[in-house]
Amino acid sequence: MRHIISVLLENESGALSRVAGLFSARGYNIESLTVAPTEDGSLSRMTLVTEGSEQIIEQITKQLNKLVDVVKLLDLTEGAHIEREMMLIKVTAEGVDAREEIKRLIDIFRGRIIDVTDVTYTLELTGTGSKLDAFIEALGNTTILETVRSGVSGIARGAKSLHV
Amino acid sequence: MTLLSYVIDKKEYYLEIVNVELNGAEILIRFLKDEGVEHVFGYPGGAVLYIYDELFKQEEVKHILVRHEQGATHAADGYARSTGKPGVVLVTSGPGATNAVTGIATAYMDSIPMVIITGQVNTWAIGSDAFQEVDAVGITRPCVKHNFLVKDVKDLAETLKKAFYVATTGRPGPVVVDVPKDVTIATTEYVFPETVEMRSYNPVVKGHPKQIKKAAELLLAAKRPMIYSGGGVILGEGSKELIDFTRALGAPITNTLMGLGAYPATDDQFIGMLGMHGTYEANMAMHECDVLISVGARFDDRVVGKIEQFCPDATIIHIDIDPASISKSVVVDVPIVGDVATVLTDMIALVKEGKSGQDENALKAWWNQITEWRGMNCLNYDRHSALIKPQFAIEKLYEVTHGDAYVASDVGQHQMWAAQFYKFDEPRRWINSGGLGTMGFGLPAAIGVQLAHPDATVACVTGDASIQMCIQELSTALQYNTPVKIISLNNRYMGMVRQWQEFFYESRYSQSYMETIPDFVKLTESYGHVGMRIEKPEDLEGAMKEAFAMKDRLVFMDIITDQTENVYPMIAAGKGHHEMHLSPERELA
Ligand SMILES: Cc1ncc(C[n+]2csc(CCOP(=O)(O)OP(=O)(O)O)c2C)c(N)n1
C-alpha cells in the first residue's frame with residue numbers, strides 16, 4: 001500500500017542523505033520525497049511517499065525513527081490527511097482552437113496559465129498526485145514540452161499537528 | 001570572559017577571569033581526558049599532526065600505536081567489548097579513514113560502542129579532491145550509528161560529547177567524528193560539556209508494563225517455554241537479571257554466538273548455542289517450544305534459518321532496546337521495547353509471583369525431552385585420532401585456562417569450535433565478530449582486551465588464514481607488552497570455506513587451500529615473541545601449560561590440526577532448525 005510519511009528532521013547538512021541512504025541501503029521504494037525548512041529554521045519537514053507491505057512500512061518508520069537526525073515522524077496514511085502536489089507543465093499551444101482547449105481544460109482542473117508565448121503555455125496545477133496524473137491524461141494530443149512535479153506534501157486533517 | 005565581584009572594606013572590586021583559548025587539538029585531548037578516556041588506538045598522518053602533537057605533551061591519555069588502522073579499530077573494539085566502555089580510535093584522513101572502515105563496520109554490526117576520530121583536510125579544501133581527502137562521513141554513513149563533521153572549533157567539544165553519548169546509550173554503536181585540520185589549530189574557549197541534550201535522540205529504557213505482564217503470563221502458562229538470549233544482554237549489562245529470570249522460570253536457555261557468557265555455560269539450564277552451528281538440543285528445543293522469549297537477540301539469519309519454519313508452534317515474546325529489531329524478520333506476538341536489565345527485573349517479580357500456577361508436569365516432560373536430545377551427544381568427535389582434532393585443542397584451552405580466560409576469536413571453523421567448546425560462564429569474555437564475520441579481528445581485539453585487563457589471561461583463537469589478515473599487530477603487541485596467547489588451529493585451509501565446498505560444491509576446493517603458509521614460529525620470533533609448533537595430541541596439554549605459564553610473553557601456538565574436520569551440527573543456510581547435519585562421530589561417545 002502507498003504511504004505518506006511526514007518527518008521532522010534536524011536541518012543539518014547530511015540529514016537528507018541519511019534518509020536517502022537508508023532507503024537505498026535497505027531497498028525500500030521512494031516514490032517521491034520533498035524537503036524544506038519549517039518556520040523553525042533548525043527543523044526541516046520532509047514528506048516521503050513510499051510503497052510496501054505493512055511489515056515493510058513498519059520497518060521504514062522504525063528505521064527512520066532510529067536515525068539520530070529524525071526528531072519526529074508521522075505516517076499520514078494512518079489518519080485523515082490532505083495531500084498536495086504542485087506541477088508546472090509547459091505545452092505547445094498553437095492555433096486558436098488548441099489554445100482555447102487548453103485554457104478550458106486548465107479551468108476545469110482549477111489550474112492557471114502562468115506564462116504565455118506565441119506557441120506555448122506554461123501551466124500551474126495543484127492537487128493530489130492522481131489529479132495531476134488525470135490532467136496529464138486529459139491533455140490528450142497536446143504536446144508536452146516539460147513537466148516539473150514537486151512531489152507530494154502532506155498534512156494531517158483536523159487539529160492534530162506534527163511539531164516538536 | 002567572566003567577571004567576579006567581591007567586596008572588601010565596603011568597596012567593590014572586580015576580578016576579570018579571562019578564559020584561555022585552546023586550539024582544537026588541545027580541546028580534543030583535554031576532552032578525552034575529561035571524558036575519562038585512558039586509551040586511544042591510532043595511527044598518525046598529515047591531517048591529525050596537531051592532535052598528535054598534543055598527545056605528545058601529556059601522559060594521561062595513552063596512545064596505542066597500531067600497525068594498520070584496521071588493527072586500531074579492532075583493538076578499540078576488543079577493549080570496548082571486554083569492558084563496556086567505549087573504544088576510541090584516532091586516524092588520519094583519506095587512507096587512514098578508509099582503512100578503519102572494516103573495523104567500524106565490524107563494530108556496527110555487533111552494536112559496539114566506539115568513537116572514531118578521523119582527520120580531514122582543511123575545511124576550505126573539502127570537496128576539492130585535496131591530497132588524502134575522502135568523504136569520511138559519506139563513506140561511513142551506512143556503517144555507523146551516527147557521524148559528524150566538525151566545521152567550527154566552537155562545536156568541537158559539544159560534538160565529541162554527543163558522539164560519546166550516542167555511541168554508549170540505547171543500542172550502542174560506533175560514531176565517527178571527522179575533524180578538519182584547520183579546526184585543530186583554530187582556537188576557542190573550552191568548557192567540558194557535562195551533559196548533552198539531543199531532542200532527536202532519546203533511547204527508551206522502561207518496558208511497557210502491560211506487555212511485560214502479558215509476557216509473564218504467557219511464559220507461566222507455557223508447557224514448553226524457551227529462552228533465547230543474545231548480545232543485547234551483554235551490551236545492556238543484564239546478565240545477572242537473565243540468570244535470575246531463567247532460574248525463576250525454570251526454562252531451558254540458549255545463547256546466540258553474540259550472547260555466550262551472558263548465562264553461565266556450565267549451568268544445567270543452559271542447553272548450548274543455537275543456530276547454524278548450534279547444539280542439537282538447542283535447535284530442537286527452539287523448533288518444539290510453545291512460548292519463546294527472545295532477550296536482546298535480533299533473529300539473525302544464521303540463527304533463524306528458514307523463517308517459515310522458525311519455532312512453528314511458538315508464541316514469541318521479544319525484548320529489545322531497538323524497536324527496529326522487533327519484527328524485522330520474524331514477526332513476534334509480544335514486543336517489549338526497553339532496556340533488557342530493567343525489563344527483566346520487572347518480569348522476574350511477576351514470574352515469581354505467578355510461579356505456583358505453572359504446569360509442573362508439563363515442565364518436567366519438557367526437560368525429559370531435552371535430556372533425551374542432549375543424549376544425542378551432538379558435539380562428540382573422534383577422541384582417538386592420531387591427529388590433533390581442533391575440538392580437542394579448544395577443550396584443552398578450556399582446561400588449562402580453567403575456563404577463566406578472555407577469548408578473542410577470528411572467523412571460521414575455529415571460531416565455531418571455540419564457541420561450542422569453551423564454556424563461558426561470564427559475560428564479556430567471548431570476543432568475536434559475529435555480525436560482519438571479519439577475519440583479522442582476533443589478534444588486534446585480543447591486544448585491546450589485554451590492555452584493558454593487564455593481569456588477565458587472554459587467548460586469541462585463530463586459523464592460519466585469519467591470522468594473516470592482521471598479523472602486523474604482533475609488532476604492536478611487543479611494543480605494549482600484551483602477552484596474548486595465540487591459539488592458531490592450523491589446518492592449511494580456509495577451513496570454513498573448505499567445509500562449504502565439501503558440503504555444497506561437491507568438494508571442489510576452489511582457492512581455499514593455502515599453498516604457502518609462513519613458518520609461524522619463525523615469524524613470531526622475528527617479531528620478538530615466542531613461537532611453538534605442536535603436531536601431536538599428546539604434546540598439546542604440556543605445551544599449552546608451558547605457554548600460559550609465560551605470563552609476560554606473547555606465545556604463538558601453531559597447532560597442526562586435522563585438515564578434514566568439519567563443524568557439526570550444521571544447518572544449511574535457509575533450512576529449518578530440525579534439519580541439522582550431525583557429525584558422523586556422534587555415535588562414538
Ligand atoms: C575479511 C574476510 N574475508 C573473507 C571471509 C570469508 N571467510 C569466512 S571463514 C574463512 C576461512 C577462514 O580460514 P581460517 O582463518 O584458516 O580458519 P578455519 O576456518 O580454517 O578455522 C573465509 C575466507 C571473511 N569472513 N572475512
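Residues numbered from 1 in each chain as written. Chains lettered and ligands numbered in written order. Predicted model: local features only at pLDDT ≥ 70, side-chain atom pairs only at ≥ 80, totals over all residues. Heavy atoms only, no water.

1. Here we look at the overall build of chain A
Here's step 1: Scanning chain A from terminus to terminus reveals four helices and nine strands.
Here's step 2: Moving toward the C terminus, one meets the helices and strands of chain A in the order β-α-β-β-α-β-β-α-β-β-α-β-β.
Here's step 3: Here the C-alpha coordinates of chain A stretch approximately 55 × 35 × 35 Å along the principal axes.
Here's step 4: For chain A, the residues scored as buried account for 42% of the 164 residues in total.
Here's step 5: Restricting the contact set of chain A to residue pairs at least 6 apart, pairs at least 24 apart contribute 72%.
Here's step 6: Put simply, chain A shows about 8600 Å² of open surface, and 51% of that area lies on carbon and sulfur atoms.
Here's step 7: When the 18 positive and 24 negative side-chain charges of chain A are each reduced to one mean point, those points stand 4 Å apart. (Helix = DSSP H or I, 4+ residues; strand = E, 2+ residues; numbered from the N terminus. Buried < 20%, exposed > 50% of the residue type's maximum accessible area, 1.4 Å probe, protein only. Contact = heavy atoms within 4.5 Å. Areas by Shrake-Rupley, 256 points an atom, 1.4 Å probe, with all protein chains shown as cover. Lys, Arg positive; Asp, Glu negative; His and termini not counted. Charge placed at Lys NZ, Arg CZ, Asp CG, Glu CD.)

2. So, the side chain of Gln59 of chain A
Here's step 1: Structurally, the position occupied by Gln59 of chain A is in helix 2 (residues 54-66).
Here's step 2: For Gln59 of chain A, the residues in contact, after removing those within four places along its chain, are Tyr28 of chain A together with Ala324, Ile326, Ser327 and Lys328 of chain B.

3. Notes on the site of the ligand
Residue and element names in this part refer to chain B.
Here's step 1: Residues in contact with the ligand amount to 17 residues; listed here are only the nearest, Gln413, His414, Gly437, Ser466 and Gly495.
Here's step 2: Between the ligand and Gly437 there is a distance of 2.8 Å, counted from a nitrogen atom to a backbone nitrogen or oxygen.
Here's step 3: One nitrogen or oxygen atom from the main chain of Tyr493 is found 3.1 Å from an oxygen atom belonging to the ligand.
Here's step 4: Burial of the ligand by the protein chains amounts to 77% of its free accessible area of 590 Å². (Near = heavy atom within 4 Å. Polar contact = N/O pair within 3.5 Å; in protein donor to acceptor, adjacent residues only side chain to side chain.)

4. Structural notes on the sheet that holds strand 20 (residues 485-490) of chain B
Residues and elements named next belong to chain B.
Here's step 1: Here we have six strands laid out as an open sheet, ordered 18-17-19-20-22-21, and parallel in their pairing. Across the chains shown, the open sheet's two edge strands, defined by having one partner strand only, are strand 18 (430-431) and strand 21 (530-534).
Here's step 2: Where strand 21 lies against strand 22 (residues 555-560), five bridges are found, and the strand directions are parallel. In the sheet register, Met532 faces strand 22, and the bridge partner there is Met557.
Here's step 3: Against the sheet, helix 15 (residues 390-400) contacts strand 19 (458-463) and strand 20, and its axis sits at roughly 165 degrees relative to strand 20. (Pairing = 2+ DSSP bridges. Axes fitted to C-alpha atoms, helices over the stretch in contact; angles between N-to-C directions.)

5. Quick look at helix 15 of chain B
Residues and elements named next belong to chain B.
Here's step 1: With nine of 11 residues buried, helix 15 lies mostly within the body of the structure.
Here's step 2: Within helix 15 the residues assigned to the buried category are Pro390, Gln391, Ala393, Ile394, Glu395, Lys396, Leu397, Tyr398 and Val400.
Here's step 3: Where the residues of helix 15 are buried, they touch helix 16 (413-421), strand 19, strand 20 and helix 21 (537-549).
Here's step 4: Positive backbone phi, approximately 55 degrees, marks His402, located one or two places after helix 15.

6. Examining the interface of chain B and chain A
Here's step 1: Each side of the interface is counted separately: chain B has 20 residues, and chain A has 20 residues.
Here's step 2: Of the roughly 1600 Å² buried where chain B meets chain A, counting both sides, 44% is carbon and sulfur surface.
Here's step 3: If you sort the residues of chain B by the area they bury against chain A, Arg141, Arg199 and Ser200 of chain B come out on top, with a joint share of 40%.
Here's step 4: Counting across the chain B and chain A interface gives three salt bridges.
Here's step 5: Here Arg199 of chain B makes a salt bridge to Glu10 of chain A, at a shortest N to O gap of 2.9 Å.
Here's step 6: Inspection of the region where chain B meets chain A yields 11 residue pairs in polar contact (both at pLDDT 80 or more). (Buried area = accessible area lost by both parts, 1.4 Å probe. Salt bridge = Lys/Arg side-chain N within 4 Å of Asp/Glu carboxyl O.)

7. Considerations on the packing of aromatic side chains
Residue and element names in this part refer to chain B.
Here's step 1: All chains considered together, the criterion is met by 19 aromatic pairs over all chains.
Here's step 2: Between Phe31 and Phe164, the aromatic rings sit 5.7 Å apart at their centres with planes inclined by 50 degrees, giving tilted as the arrangement. Of this pair, Phe31 sits in helix 1 (residues 24-34) while Phe164 is found in helix 6 (residues 156-168), placing the two residues 133 residues apart along the sequence.
Here's step 3: Owing to a relative accessible area of 3%, Phe164 belongs among the buried residues under this scheme. (Phe/Tyr/Trp six-rings, centres within 6.5 Å; stacked < 30°, edge-to-face > 60°.)

8. Overview of a nonpolar patch on the surface
Here's step 1: A contiguous nonpolar patch, built from Met86, Leu88, Ile114 and Val148 of chain A and spanning about 290 Å² of accessible area, is present on the exposed surface.
Here's step 2: Looking at where Met86 of chain A falls in the secondary structure, it is placed in strand 5 (residues 81-92). (Patch = residues over 30% accessible without salt bridge, like charges linked within 9 Å, V, L, I, M, F, W, Y side chains within 5 Å.)

9. Quick look at the packing of helix 1 of chain B against helix 2 (residues 49-56) of chain B
Residues and elements named next belong to chain B.
Here's step 1: It is the contact of helix 1 with helix 2, at a shortest axis distance of 8 Å, that shows an interaxial angle of 50 degrees. Classified by the interaxial angle, the pair formed by helix 1 and helix 2 is oblique. For the crossing formed where helix 1 meets helix 2, the hand is right-handed. Mapping the contact onto sequence places Ala25, Glu26, Leu28 and Ile29 in helix 1 and Tyr50, Ile51, Glu54 and Leu55 in helix 2.
Here's step 2: Here the contact of helix 1 with helix 2 is built from residues that sort into six nonpolar, no polar and two charged. (Parallel < 35°, antiparallel > 145°, perpendicular 65-115°, else oblique. Left-handed = near helix turned anticlockwise from the far one by under 90°. Nonpolar A, V, L, I, M, F, W, Y, C, P; charged D, E, K, R; others polar.)

10. Some words on the nonpolar core
Residues and elements named next belong to chain B.
Here's step 1: Phe245, Met347, Ile487 and Met557 are the most contacted members of the largest nonpolar core, which has 70 residues in total.
Here's step 2: Ranked by residue count, the leading element in this core is helix 13 (residues 340-354), at six residues.
Here's step 3: With sequence-adjacent residues up to four places away left out, Met347 is seen in contact with Ile212, Ala215, Ala216, Leu219, Phe245, Ile293, Ile319 and Ile336.
Here's step 4: Among the nonpolar cores identified, the runner-up in size contains 43 residues, and Tyr79, Val89, Val101 and Met114 belong to it. (Core = buried A, V, L, I, M, F, W, Y, C linked by side-chain atoms within 4.5 Å.)

11. A word on the environment of Val343 of chain B
Residue and element names in this part refer to chain B.
Here's step 1: On the secondary structure map, Val343 appears in helix 13.
Here's step 2: The spacing of Val343 and His39 is 304 residues in sequence and 33 Å in space, taken between C-alpha atoms.
Here's step 3: With residues near it in sequence (within four places) discarded, Val343 still touches Val205, Gly207, Ile212, Ile319, Ile336 and Gly338.

12. With respect to the pairing of strand 3 (residues 43-51) of chain A
All names here are of chain A.
Here's step 1: The buried count for strand 3 comes to eight of nine residues, which makes it a mostly enclosed element.
Here's step 2: Bridge count for strand 1 (residues 2-10) against strand 3 is nine bridges, and the pairing is antiparallel. Across the sheet, the residue bridging to Leu9 is Ser44, located in strand 3.
Here's step 3: Bridge count for strand 2 (residues 32-37) against strand 3 is six bridges, and the pairing is antiparallel.

That is the geometry; function is a separate question.
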